[in-house]
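Below, each chain spelled out in residue letters.
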Amino acid sequence: MSNALINAVRLDIGYAQKRVAQQLDISLHAGRIVALLGPNGTGKTTLFKTLLGFLPPLSGKVYVQGRRLHEWPLRELAHCLAYVPQAQDSSLSLNVQDLVLLGRTAHVPLFSSPSAQDRSLALQSLEALGIKHLAAHAYDQLSGGEKQLVLIARALAQSPAALIMDEPTASLDFGNQIKVLKHMRRLADAGMGILFCTHQPEHALRIADEVSLFKDGAIQAHGAPQQILSPERIAWLYDLEPADLDVGHQKTPPND
Ligand SMILES: Nc1ncnc2c1ncn2[C@@H]1O[C@H](COP(=O)(O)OP(=O)(O)OP(=O)(O)O)[C@@H](O)[C@H]1O
């Protein structure tokens, strides 16, 4: 039996009217970062929702720490798995600290209130992401990037064994992108398994141990980022010419 945190075997994913991808094999181990790259609409979010149990697989199996996903009691599953969704406009009328404290729910005994330690962990998560000053702010009045950082803080407060992150840096400025990537690497070095998707191949090169290229309903390549992410493969993945990846080219002078 595999000792993976998450192991998906011959997974078909999709919706009642639409099969999005088939025969996917995915595994995530403790201390590893796996990056998933693929064009818009390939099925990255659909895959994540299936791995988290929000969507039923069309066929195949998902194991979390060796046990079938649907056999986990939800509260216990929350100790194993946390999810950072894509930043979304939300009308959640909670303040930031309370929202992040919700990440501790699975650790709070039934019919009890969060402890001082739970509150302190929530604040530590905000501090780790450099947003402690937002603790008392209303979540729905934050910028898109601030919301994204709060959702990451909430997942960190959950202290999961594995973290699934859907484009965690998408709405962040350059500095916060790098800070979040560095933080992800630190978490993995401390033993967490992280599966994330991104539209930025350089983010996979920067922090991932493994990368999967997802296109046309299948994982087309998987391995170490330095081996997989050649300019030719990146161009193929996004339907570009290799020359399109040249960022140092001169602008064509105006023709007058
Ligand atoms: N609720 C739904 N019902 C039916 N089809 C859906 C549903 N949600 C998404 N899809 C379709 O499933 C396919 C995969 O969508 P998904 O959001 O998983 O892609 P993605 O790779 O995460 O895309 P992006 O990079 O743009 O975020 C798309 O064709 C999308 O239109």
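Residues numbered from 1 in each chain as written. Predicted model: local features only at pLDDT ≥ 70, side-chain atom pairs only at ≥ 80, totals over all residues.

Caption draft 1: The packing of helix H4 (residues 116–128) against helix H5 (residues 144–157), seen in detail. Where H4 contacts H5, the axes come no closer than 8 Å and their chain directions differ by 135°. Classified by the interaxial angle, the pair formed by H4 and H5 is oblique. Between H4 and H5 lies a crossing whose hand is right-handed. Between H4, through Leu121, Ala122, Ser125, Leu126 and Ala128, and H5, the contact on the second element is made entirely by Ala153, Leu156 and Ala157. Of the residues belonging to the contact of H4 with H5, the class tally is seven nonpolar, one polar and no charged. (Axes fitted to C-alpha atoms, helices over the stretch in contact; angles between N-to-C directions. Helix = DSSP H or I, 4+ residues; strand = E, 2+ residues; numbered from the N terminus. Parallel < 35°, antiparallel > 145°, perpendicular 65-115°, else oblique. Left-handed = near helix turned anticlockwise from the far one by under 90°. Contact = placed C-beta atoms within 7 Å. Nonpolar A, V, L, I, M, F, W, Y, C, P; charged D, E, K, R; others polar.)

Caption draft 2: Structural view of the sheet that holds strand S2 (residues 18–28). Pairing is antiparallel in the open sheet, where four strands are placed in the order S2-S1-S4-S5. Two strands close off the open sheet at either side, each with one partner strand: S2 and strand S5 (67–68). Its contacts with the sheet place helix H1 (residues 44–51) against strand S1 (6–15), S2 and strand S4 (59–64), and it is angled at close to 120° to S1. (Pairing = 2+ DSSP bridges.)

Caption draft 3: The arrangement of the confidence of the model for the chain in detail. For the chain, per-residue confidence averages 90 on the pLDDT scale, and residues scoring 70 or more make up 93% of the total. Interface confidence in the predicted complex, given as ipTM, is 0.98; pTM for the same model is 0.91. (pLDDT = per-residue confidence, 0-100.)

Caption draft 4: Looking closely at the site of the ligand. As a structural note, the neighbourhood of the ligand is formed by Tyr15, Lys18, Val20, Gly38, Asn40, Gly41, Thr42, Gly43, Lys44, Thr45 and Thr46. Contributions of two or more residues to the shell around the ligand are made by S2 and H1. Take the shell around the ligand: its biggest share by element is three residues, from H1. (Near = placed C-beta within 6 Å.)

Caption draft 5: Main features of the environment of Asp25. Position of Asp25 among the secondary structure elements: in strand S2. Separated by 194 residues in the primary sequence, Asp25 and Ile219 have C-alpha atoms spaced 8.0 Å apart.

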